[in-house]
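Now for the letters of each chain:
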Amino acid sequence: MTNEPPKGLKMNLVRSYLADPICDSEFFTSCKQPAAFKKLLFGLCFFHATVQERRQFGPLGWNIPYEFNETDLRISVQQLHMFLNQYEELPIDAVSYLTGECNYGGRVTDGHDRRVIIGILENYYNHSIVNDNDYKFSDSGKYFAPKDGEYDSYLEYIKSLPILAKPEVFNMHANADITKDQKETNMLFDSILLTEGTGGGGGSGDKDEMLEEVSAGIIAKLPKSFDTEAALRKYPTAYKQSMNTVLVQEMGRFNVLLDCVRASLINLQKAIKGLVVMSQELEEVSAAVINGKIPELWMGNSYPSLKPLGSYVNDLIQRLTFLSDWYDEGVPNVFWLSGFYFTQAFITGVKQNYARKYTIPIDTLTFDYEVMPEDLDTSSPPEDGAFVNGLYVDGARWCREKNTFAESIPKVLFDTMPMILMKPMKKVDIPDNPIYWCPVYKTSERRGVLSTTGHSTNFVTDMRLSSDMPEMHWVL
């Protein structure tokens, strides 16, 4: 038996107020600081509803969809009641720590999600919610903690709230609604595809022809595997040029992927003709090709990607061309950051070159990031560091005029990021400017797993980028 949370912010708040111990009139009225308790209690219930409803926005809400439940709320309510009875002053820091770091935060495993949950809680657990009757939870002014009153008055206020909560309640841009609707649509279509049969029927001949045609088309597009031995001779391991090692290692990784794609498609063609047995593995490849998806067999040897099959193949060829041009023409002046298989190797290589050039311990170095003007001459590389491009901003945009983050344009979900200079420098020399630590991911899914190297399969790094707004504005 499962106990699913109700859908919608309003219904979530109703359920919280009808649940134990809040619905117990003795508990509700027995606090020594009744006005503060009722205000903070409403803020806590609003926080509980918010963290659950953010899941509908996918990665914009949480990198990982956590299963917050009624027990988290119940223990937080009891702790709030207990602390307000024991202390005359408002113990905001204590209850914030217990609620944000322990009760709810104990479920949060992603570091960026942790700063999100702490930021959300700060909106509802603070002195203003108690002392300022005009304190609002959102810009619209519709959501706030009601004045001190009876239990029923809170339920009446909750029932007066809109049925559908707009993204601004969750400190999000209106574009988040588009992302939410896309996510629900994709889930619907994926579910429909699962109901489709995998074989039989009179149309199997047409499917075989289509599989042969698509397989032959992809095989024809794929270049030959890289000659890593020749690459190692042309770009030998050098003390002051770590990029040589990065290139050869990238070629090796893409060779594994190329061999996997090519071999599976050749075997699929043979299986269609009856020359080899159609194994379960090949069945899954054929089903994915028919549905225009990336086969799981390929993804086991691939970089993370959310693209459909056709776009994935084109993207793979672009990445192979990037490495091929690097091999033919030498180290590029501008690196396509999103074109690497293992991006962390490139980042470490840039840092290593700087450390060896100036004989500085590499563990004392970090990066400063400078967004470059679009008309910059890139005919030569920077003296230190590296120019990178190929990044996109999700949930905001980069304002070219002010050279800082700005709100997204309505109905424009992603914005192309200008070229960035990654400058290695000592951690102690980093300038203290207003910045936002912007996380960089390989895909918009953001969610990843720790690989054997200790790196996430999706998260790349945090970039220090200028912002004229408080950091928490972009975090939420």
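Our subject is the structure listed above.
Description of the structure in this document. Computed from a predicted structure; not experimentally measured.

Conventions we followed
Residues numbered from 1 in each chain as written. Predicted model: local features only at pLDDT ≥ 70, side-chain atom pairs only at ≥ 80, totals over all residues. Heavy atoms only, no water. Pairing = 2+ DSSP bridges. Helix = DSSP H or I, 4+ residues; strand = E, 2+ residues; numbered from the N terminus. Axes fitted to C-alpha atoms, helices over the stretch in contact; angles between N-to-C directions. Contact = heavy atoms within 4.5 Å. Buried < 20%, exposed > 50% of the residue type's maximum accessible area, 1.4 Å probe, protein only. Arc of directions from axis to C-beta. Expected span 1.5 Å × (residues − 1). Left-handed = near helix turned anticlockwise from the far one by under 90°. Nonpolar A, V, L, I, M, F, W, Y, C, P; charged D, E, K, R; others polar. Core = buried A, V, L, I, M, F, W, Y, C linked by side-chain atoms within 4.5 Å. 1 Å grid on protein atoms, 1.4 Å probe; cavity = no way out; pocket = protein on both sides within 12 Å on 5 of 7 lines; lining within 4 Å. Points joined across faces, edges and corners; volume = space filled by probe spheres on them.

Let's shift gears to the pairing of strand 3 (residues 386–389). A regular strand places its side chains so that they alternate between the two faces of the sheet. As judged from the three bridges shared by strand 1 (residues 334–336) and strand 3, these two strands associate in the parallel manner. By the bridge assignment for strand 3, Phe335 is matched with Val388.

The strand order 1-3-8-2 describes an open sheet built from four strands, whose pairing is mixed. At either end of the open sheet lies a strand with only one pairing partner, and these are strand 1 and strand 2 (365–371). Each strand axis lies, on average, 35° off the axis of its neighbour in the sheet, ignoring direction. The strands that helix 16 (residues 343–357) touches are strand 1, strand 2, strand 3 and strand 8 (420–426); relative to strand 2, the one it contacts most, it runs at about 105°.

Moving on, we come to helix 13 (residues 280–290). In an α-helix, one turn spans 3.6 residues, which is why side chains three or four residues apart end up on the same side. Looking only at helix 13, the buried set comprises Leu282, Val285, Ser286, Ala288 and Val289. Considered in projection along helix 13, the buried side chains sweep an arc of 165° and stay on one side of the axis. One or two positions beyond helix 13, positive phi appears at Gly292, with a value near 75°.

Here the focus is helix 5 (residues 92–103). Look at helix 5: 15 Å from first C-alpha to last across 12 residues, which is about the 16 Å you get at 1.5 Å a residue. Where helix 5 is buried, its residues touch helix 3 (34–53), helix 4 (70–86), helix 6 (111–124) and helix 7 (127–131).

Moving on to the packing of helix 3 against helix 6. Their axes nearest at 9 Å, the elements helix 3 and helix 6 cross at an angle of 150°. Between helix 3 and helix 6 the crossing geometry is right-handed. Residues Leu40, Gly43, Phe46, Phe47, Thr50 and Val51 of helix 3 form the contact with helix 6, whose participating residues are Ile117, Ile120, Leu121 and Tyr124. Taken together, the residues of the contact of helix 3 with helix 6 sort by class into eight nonpolar, two polar and no charged.

Membership of the largest hydrophobic core comes to 123 residues, with the highest contact counts inside it found for Tyr17 and Phe346. Sort the elements by how many residues they give to this core and helix 12 (residues 243–273) lands first, with 13 residues.

A word on empty space enclosed by the protein. A full pass over the atoms with the stated rule returns one cavity of 30 Å³ or more. Quantified by volume, the largest cavity comes out at close to 40 Å³. Grouping the constituent residues of the lining of the largest cavity by class yields three nonpolar, one polar and three charged.

Among the seven residues in strand 2, five count as buried, and that is most of the element. Across seven bridges, the pairing between strand 2 and strand 8 is antiparallel. Paired with Leu365 across the two strands is Lys426, which belongs to strand 8.

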